[in-house]
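# Fold and contact review
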Amino acid sequence: MTATSFTPVASLLGGALIGLSAVLLMWATGRIAGVSGIVARLFPPYEDRAFAGRFAFVAGLVAAPILVRIVTGGLQEQTIAAGTPVLIIAGLLAGFGAVWGNGCTSGHGVCGLSRLSVRSLVATITFMATGVVTVFVMRHWS
Amino acid sequence: MAILIQFAIGLVFGLGLIISGMSNPAKVLNFLDIGRIPAGTWDASLAFVMAGAVAIAFIGFSRVLKLPRPFFAERFYVPTRKDIDPRIIVGPAIFGIGWGLAGFCPGPALTALGFGSASAFIFVAAMCAGMVLARFIANLPTSARVATPTDPLET
């Protein structure tokens, strides 16, 4: 496991940008900035005609590090410890669970808590708890 | 124009993920790893990301939702459900396991794609498959609906 440094100021600032993005999306489209909901609706069945906007939002998410690299000439280092089988299982579970529970860290954690939604509070406490247990089992039981 | 604005909004979200350090799965896992607290190597950054995001969104939403309508849409699509059904616990419970296994959740995984990470690509592909599967199962007719006679005279 890689050690990472505690970055309260950068994390608070980055978090504020995430909050700002959620507010701007609500202002522009009237929708919750829930990344799992946005990505899931890129696939059929289509319930509305908002595909292009959702695709543009996702493209912006992917383009952010490319922009940072162009402007600053470099990117912070990323450490992805999981191997391919774990990544596949993790992706399947995260994707399935996010859709089944109507949201992920952004939809429930950021947008839901900001709207004082009880459902989102229950969801956030639940995924934090199972996330903590999963990491504990993976790192300290093996 | 609306499309370009939504691209820019996604870009701001992605920049937030990079600046906050959340595009790096190691940082997320070191937050979820409470076993590090006694050793003093716990990374509490994620809590500060949430605090910053919720603070801005709490103030911003209350103002934006006072507007008559969104700039590019007819109305606001804000969830109104308040019931605690099994799915609001089962779904996030499964999601949390996936999150804890790799340290990726949907937003950061997409941003990690832009870093050129093959691991992020594998995760995102599997995540999309999981999403499609969940929507497919959720849209299957329930047994109650199947049992309902189509012809009202049959009852």
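Treat the numbers as computed from the prediction; the structure is a model and nothing was measured.

Conventions adopted
- Each chain has its residues counted from 1, following the order in which its sequence is written.
- The order in which chains are written sets their letters, starting at A; the order in which ligands are written sets their numbers, starting at 1.
- Totals for whole chains, interfaces and linings use all residues, but because this is a predicted model, local features are given only for residues with pLDDT of at least 70 and pairs of side-chain atoms are given and counted only at 80 or more.
- Helix and strand labels come from DSSP, where a helix needs a run of H or I of at least four residues and a strand needs a run of E of at least two; each type is numbered from the N terminus.
- Three exposure classes are used, based on other C-beta atoms lying within 10 Å of a residue's own C-beta, which is placed from the backbone: buried for 20 or more, exposed for 12 or fewer, and partly exposed in between.
- Contact between residues is assigned whenever the C-beta positions, reconstructed from backbone atoms, fall within 7 Å.
- For this classification, Asp, Glu, Lys and Arg are treated as charged, while Ala, Val, Leu, Ile, Met, Phe, Trp, Tyr, Cys and Pro are nonpolar and the rest, including Gly, are polar.
- Working rule for helices: expected span equals 1.5 Å times residues minus one.
- Orientation is described by lines fitted to C-alpha atoms, with helices fitted over the stretch in contact, and by angles between N-to-C directions that extend from 0 to 180 degrees.
- In this scheme, roughly parallel covers angles under 35 degrees and roughly antiparallel covers those over 145, while 65 to 115 is roughly perpendicular and the rest are oblique.
- When buried Ala, Val, Leu, Ile, Met, Phe, Trp, Tyr and Cys residues are joined through C-beta atoms within 7 Å, the set is termed a nonpolar core.

## Focus on the overall build of chain A
Assigned secondary structure in chain A consists of six helices and zero strands. Each helix (α) and strand (β) of chain A, taken in turn from the N terminus, gives the series α-α-α-α-α-α. Taken along the three principal axes of its C-alpha coordinates, chain A extends 45 × 40 × 30 Å. Counting only residues that meet the buried cut, chain A has 58% of its 142 residues in that class. When contacts within chain A are restricted to residue pairs at least 6 apart in sequence, those whose partners lie at least 24 apart make up 46%.

## Focus on unusual backbone geometry
Residue and element names in this part refer to chain A. Note that the residue after P44, namely P45, is joined by a cis bond; omega there is 0°. Topologically, P45 is positioned in the loop between helix 2 (35-40) and helix 3 (51-72). Positive phi values are uncommon outside glycine, yet L116 reaches one of about 55°. Mapped onto the elements, L116 comes out in the loop between helix 5 (105-114) and helix 6 (118-140). Judged by local crowding, L116 falls into the exposed class, with 11 C-beta atoms found within 10 Å.

## Brief notes about the interface of chain A and chain B
Between chain A and chain B, the residue contacts involve 104 residues of the former and 103 residues of the latter. Listed by contribution, the elements that provide at least two residues to the side of chain A that touches chain B are helix 1 (8-29), helix 2, helix 3, helix 4 (84-100), helix 5 and helix 6 of chain A. Top element by residues in the side of chain A that touches chain B is helix 1 of chain A. It accounts for 21 residues. For the side of chain A that touches chain B, the per-class residue count stands at 67 nonpolar, 33 polar and four charged.

## Let's talk about the environment of A:M128
Tracing the chain through its elements places A:M128 in helix 6. Sequence separation between A:M128 and A:S114 is 14 residues; the distance between their C-alpha atoms is 17 Å.

## Regarding helix 1 of chain A
Along an α-helix, residues three or four apart share an orientation, since each turn contains 3.6 residues. All names here are of chain A. Taking 1.5 Å as the rise per residue, helix 1 with 22 residues should run 32 Å; its terminal C-alpha atoms sit 31 Å apart, in good agreement. The element helix 1 is largely enclosed, with a buried count of 18 among its 22 residues. Once helix 1 finishes, G30 follows within two positions and takes phi at roughly 75°, a positive value.

## A short note on the packing of helix 1 (residues 2-20) of chain B against helix 5 (residues 106-113) of chain B
Residue and element names in this part refer to chain B. Two elements in contact, helix 1 and helix 5, have axes whose closest approach is 10 Å; the angle formed by their N-to-C orientations is 90°. As far as their axial angle goes, helix 5 and helix 1 are roughly perpendicular. In contact with F13, G14, L17 and I18 of helix 1, helix 5 contributes G107, P108 and T111. Its residues assigned to classes, the contact of helix 1 with helix 5 comprises four nonpolar, three polar and no charged.

## Focus: the nonpolar core
Of all hydrophobic cores here, the largest spans 90 residues; its most connected members are A:V23 and B:F123. By residue number, the principal contributor to this core is helix 1 of chain A, which donates twelve residues. The contact partners of B:F123, leaving out residues within four places of it in the chain, are A:L87, A:A90, A:G91, B:A102, B:F104 and B:A109.

## Let's talk about helix 3 (residues 45-64) of chain B
Here helix 3 of chain B is 20 residues long and its end C-alpha atoms lie 28 Å apart, about the 28 Å a rise of 1.5 Å per residue gives. Every buried residue of helix 3 of chain B is accounted for by B:S45, B:L46, B:F48, B:V49, B:M50, B:G52, B:A53, B:V54, B:I56, B:A57, B:F61 and B:V64. In this fold, the buried residues of helix 3 of chain B make contact with helix 1 and helix 5 of chain A together with helix 1 and helix 2 (25-32) of chain B.

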